[in-house]
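# Residue-level structural notes
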Amino acid sequence: MTTPLSFKSGQFYGDVHQGARGSIFDIRRMKATRSEDEVATHRHDDAHFVLVLSGVYISSARHAPPRAPAPTLVFNPAGTTHRDRFLDGKGSFMTVSLDPALLMGAEELHAAQEAAIVLRESAGTAAAFGIAREIGRGGDVALLEAGAWEMLASLHSTPQKARPSLPAWAHQAYEAVMDLATDTHLRIADVAAALGVHPVHLARVFRQAWGCSPGDLLRWRRVEQASGLMRRPDLSMADVALSVGFADQSHMNRAFRARYGMTPSNYRRQMFQTSKTMPDLHD
């Protein structure tokens, strides 16, 4: 029998896009880089959450559908051995690795440590999504830690009080915004019409499920894609803005200031400085 690979804390299949560390957590925003065939059975030394941000995730965790759509939140206890992977090797995700001592002091979390599980309570997914958005702003440690505690709290839920499943169109709306964000003509009302729901109902379900509005997700997605393209020095700021769906460079500048508190030029400069000092933790 082949011995599975052993991944240490903070180590996953993928390239690190952003990261932050605190007293109780190690957070990574990552992009899948391996094809399905290249992902081998592996073991994780630490307990961690995985939030699927884009792509389709194949997981052996309890409650996982055959092909989990984004956004899906998975909790893997320490010692989890699996071959979880992205369909066709394409997707982005966030990981939150935890200090083992966190799970020792809360008796109600003991059962949650027995097996990997997909968390179906919207509170946990909303907290995780909040962390994903906050880390892009520079990562206020207090807010990131608060989100980590909320995610842990979501591990303990009473089965009879479980919330009803989200309608199928809610995930379709999420995917539409994520996939079509680069279209400058995209309108949330058009997404709602295509799915046969009222924009107000769409906004309400979005907020309840993921703690943000469709417009918040659209802006976040465009800024996220822009920040990725800024790794390419051959692209001007104007080229980046048009490539990700902003009407023009000034529109992108405003979005960046709102999200990061700095201009795209300063963000690009800081990103290159950070990349020189951040350790390479991916497999």
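A brief look at the structure comes next. Because the structure is predicted, anything quoted here is derived from the model rather than measured.

## Remarks on the sheet that holds strand β1 (residues 5-7)
The three strands lie next to each other as β1-β4-β7, forming an open sheet whose pairing is mixed. Taken across any chain shown, the strands that pair with only one partner, and hence form the sheet edges, are β1 and β7 (81-82). In this sheet, β7 lies alongside strand β4 (residues 42-44) in antiparallel orientation, the contact comprising two bridges. Opposite histidine 42, over in β7, you have histidine 82 as the bridge partner.

## Considerations on the packing of helix α3 (residues 168-180) against helix α6 (residues 214-229)
Packing of α3 against α6 brings their axes to within 9 Å, and their N-to-C directions diverge by 30°. For the element pair α3 / α6, the angle class is roughly parallel. You can see that α3 and α6 cross each other, and the crossing is right-handed. Residues Tyr174, Val177 and Met178 of α3 lie in contact with α6, whose contacting residues are Pro214, Leu217, Leu218, Trp220 and Arg221. A class-by-class count of the residues in the contact of α3 with α6 yields seven nonpolar, no polar and one charged.

## Digging into the pattern of salt bridges
As enumerated under the stated definition, the model contains eight salt bridges in all. The partner of aspartate 45 in a salt bridge is arginine 43, and the shortest N-O contact between them spans 2.8 Å. Accessibility expressed as a relative area gives 34% for arginine 43, which makes it partly exposed. A salt bridge links arginine 232 to aspartate 234; its shortest N-O distance comes to 3.0 Å. Through salt bridges with shared partners, a single ionic network connects Arg29, Arg221 and Glu224.

## Concerning the nonpolar core
Phe49, Met94, Tyr174 and Leu217 are the most contacted members of the largest nonpolar core, which has 62 residues in total. Ranked by the residues each element gives to this core, the list is headed by α3, at seven residues. Dropping the residues within four chain positions of it, tyrosine 174 is found in contact with Leu53, Ala70, Pro71, Phe129, Phe206, Trp210 and Leu217.

## As for the pairing of strand β8 (residues 85-98)
Counting buried positions over the 14 residues of β8 gives 11, a clear majority of the element. Here strand β3 (residues 25-31) runs beside β8; their pairing, made up of seven bridges, is antiparallel. The partner of arginine 29 across the bridge, within β8, is methionine 94. Bridge analysis of strand β5 (residues 48-58) against β8 gives nine bridges, and the strand direction is antiparallel. Bridging from a neighbouring strand, phenylalanine 49 pairs with valine 96 of β8.

## Observations concerning the side chain of arginine 268
Tracing the sequence through the fold places arginine 268 in helix α9 (residues 264-277). For the buried residue arginine 268, which engages in no salt bridge, the nearest side chain bearing the opposite charge is aspartate 234, 6.8 Å off. Separated by 3.1 Å, the side chain of arginine 268 and the backbone oxygen of arginine 232 make a polar contact.

## Here we look at helix α1 (residues 122-135)
Taking 1.5 Å of rise per residue, 14 residues should cover 20 Å, and α1 covers 20 Å from first to last C-alpha, within 8% of that figure. The buried count for α1 comes to 12 of 14 residues, which makes it a mostly enclosed element. Turning to α1, its buried residues number three or more, namely Ser122, Gly124, Thr125, Ala126, Ala127, Ala128, Phe129, Ile131, Ala132, Arg133, Glu134 and Ile135.

## Brief notes about the packing of α1 against helix α2 (residues 141-153)
Between α1 and α2, the shortest axis-to-axis distance is 8 Å and the interhelical angle comes to 160°. Put simply, α1 runs roughly antiparallel to α2. Considering only the axes of α1 and α2, their crossing is left-handed. Along its contact with α1, which presents Gly124, Ala127, Ala128, Ile131, Glu134 and Ile135, the element α2 presents Leu143, Leu144, Gly147, Ala148, Glu150 and Met151. Grouping the constituent residues of the contact of α1 with α2 by class yields eight nonpolar, two polar and two charged.

## As for empty space enclosed by the protein
Summed over all chains, the structure comprises two cavities of 30 Å³ or more. The computed volume of the largest cavity comes to approximately 210 Å³. Among the secondary structure elements, those contributing two or more residues to the lining of the largest cavity are β4, β5 and β8. Examining the composition of the lining of the largest cavity, we find that four residues originate from one element, β8, more than from any other. Its residues assigned to classes, the lining of the largest cavity shows eight nonpolar, eight polar and three charged.

Conventions we followed
Residues numbered from 1 in each chain as written. Predicted model: local features only at pLDDT ≥ 70, side-chain atom pairs only at ≥ 80, totals over all residues. Heavy atoms only, no water. Pairing = 2+ DSSP bridges. Helix = DSSP H or I, 4+ residues; strand = E, 2+ residues; numbered from the N terminus. Axes fitted to C-alpha atoms, helices over the stretch in contact; angles between N-to-C directions. Parallel < 35°, antiparallel > 145°, perpendicular 65-115°, else oblique. Left-handed = near helix turned anticlockwise from the far one by under 90°. Contact = heavy atoms within 4.5 Å. Nonpolar A, V, L, I, M, F, W, Y, C, P; charged D, E, K, R; others polar. Salt bridge = Lys/Arg side-chain N within 4 Å of Asp/Glu carboxyl O. Buried < 20%, exposed > 50% of the residue type's maximum accessible area, 1.4 Å probe, protein only. Core = buried A, V, L, I, M, F, W, Y, C linked by side-chain atoms within 4.5 Å. Lys, Arg positive; Asp, Glu negative; His and termini not counted. Polar contact = N/O pair within 3.5 Å; in protein donor to acceptor, adjacent residues only side chain to side chain. Expected span 1.5 Å × (residues − 1). 1 Å grid on protein atoms, 1.4 Å probe; cavity = no way out; pocket = protein on both sides within 12 Å on 5 of 7 lines; lining within 4 Å. Points joined across faces, edges and corners; volume = space filled by probe spheres on them.

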